[in-house]
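Structure at a glance
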Amino acid sequence: MSKSVNLPLYHDFLKIFMDNEIINWQAKHFWEKMGLNQRYRAKRCKQLMYVGLRVLLKCQYLEIDEKQSTKKAFSYTETLRLNELRNQYKKQKLENIFLIKETEFINQINDKKNNLTFLESLLSNDKTLEKHLINHKEKLENEIRNMHSNIRLMKDIMS
């Protein structure tokens with residue numbers, strides 16, 4: 001659902017779609033989820049909501065369930081296309097979060113590798129320091145392994 005479609009109340013509708021499954025909803029259900037019961041928003045936003053519902057029908061994200069609808073109120077149900085949108089949005093959100101996290105992990109790994117190199121240089125100069133530094137070295141190596149494991153997990157989740 002691209003913003004270029006000019007969907008009124010885009011963010012409100014998107015939040016509703018991410019948090020709810022739309023099955024046999026009437027306009028009043030959308031009002032409630034958008035908080036349109038509040039007086040100061042009600043009239044203008046309800047108009048925009050109805051326009052938005054028409055756009056969503058036209059773009060085939062929602063459909064009218066003829067069997068559940070009445071003369072006074074349509075009953076809206078989501079389509080497979082809306083479910084695909086929902087999955088795409090969640091995947092995009094995860095990709096963004098994982099990209100940030102992977103960058104953080106890579107920076108931390110580089111720091112820890114630098115620390116390991118430093119410890120190795122100390123040990124190469126004096127082997128007697130090994131018993132004092134071995135725990136630090138093992139801890140750094142474990143932390144690096146754990147971060148690599150987390151990066152692999154994020155990549156597995158995205159595939």
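Just so we're clear, the structure is a prediction, and the values are computed from it rather than from any experiment.

Right, let's talk about the packing of aromatic side chains for a bit. Here the distance between the centres and the angle between the planes together describe a pair of aromatic rings. Overall, the coordinates contain six aromatic pairs when judged by the stated rule. Ring centres 6.4 Å apart and planes at 70° place the aromatic pair Phe74 and Tyr76 in the edge-to-face group. Ring pairs connect the aromatic residues Phe13, Phe17, Trp25, Phe30, Phe74 and Tyr76, which therefore count as one cluster. Looking at Lys46, its charged tip hangs above the ring of Trp31, at a distance of 4.1 Å from the centre. Across the ring face of Tyr61, the terminal group of Arg81 is positioned such that the distance to the ring centre comes to 4.7 Å.

Okay, the side chain of Glu78 next. In this structure, Glu78 sits in strand S2 (residues 76–78). Of the residues examined, Glu78 reaches a relative accessible area of 13% and is grouped as buried. Only 2.8 Å separates the side chain of Glu78 from the backbone nitrogen of Ile22, close enough to count as a polar contact. Of the polar contacts made by the side chain of Glu78, one reaches the side chain of Arg86; its length is 2.8 Å. Residues contacting Glu78, with those up to four places away along its chain left out, are Asn20, Glu21, Ile22, Tyr61, Leu62, Asn83 and Arg86.

It is worth spelling out the environment of Met49 at this point. Checked against the element boundaries, Met49 lands in helix H3 (residues 39–58). Owing to a relative accessible area of 0%, Met49 belongs among the buried residues under this scheme. A C-alpha to C-alpha distance of 9.3 Å links Met49 and Asp12, two positions 37 residues apart in sequence.

Rules behind the numbers
- Within every chain, residues take consecutive numbers counted from 1 along the sequence as written.
- Under the rules for a predicted model, residues below a pLDDT of 70 receive no local features and side-chain atom pairs below 80 are neither given nor counted, while totals for whole chains, interfaces and linings still include all residues.
- Neither water nor hydrogens contribute to the side-chain values; these are computed over all heavy atoms in the structure.
- In summary, the pairing rule links any two rings of Phe, Tyr or Trp, Trp by its six-membered ring, whose centres are within 6.5 Å, and it sorts them by plane angle into stacked for under 30 degrees, edge-to-face for over 60 and tilted for everything else.
- Whether a charge sits over a ring depends on NZ of Lys or CZ of Arg being within 6 Å of the ring centre and within 35 degrees of the ring normal.
- Strands here mean DSSP runs of E at least two residues long; helices mean DSSP runs of H or I at least four residues long; both are numbered from the N terminus.
- Burial here depends on accessible area, computed with a 1.4 Å probe over protein chains only, as a share of the maximum for the residue type. Under 20% is buried, over 50% is exposed, and the range in between is partly exposed.
- Contacts described as polar in this section are N or O atom pairs within 3.5 Å, which, within protein, must combine one atom able to donate a hydrogen with one able to accept it, while residues neighboring in sequence count only if both atoms come from side chains.
- Any two residues having at least one pair of non-hydrogen atoms within 4.5 Å are treated as being in contact.

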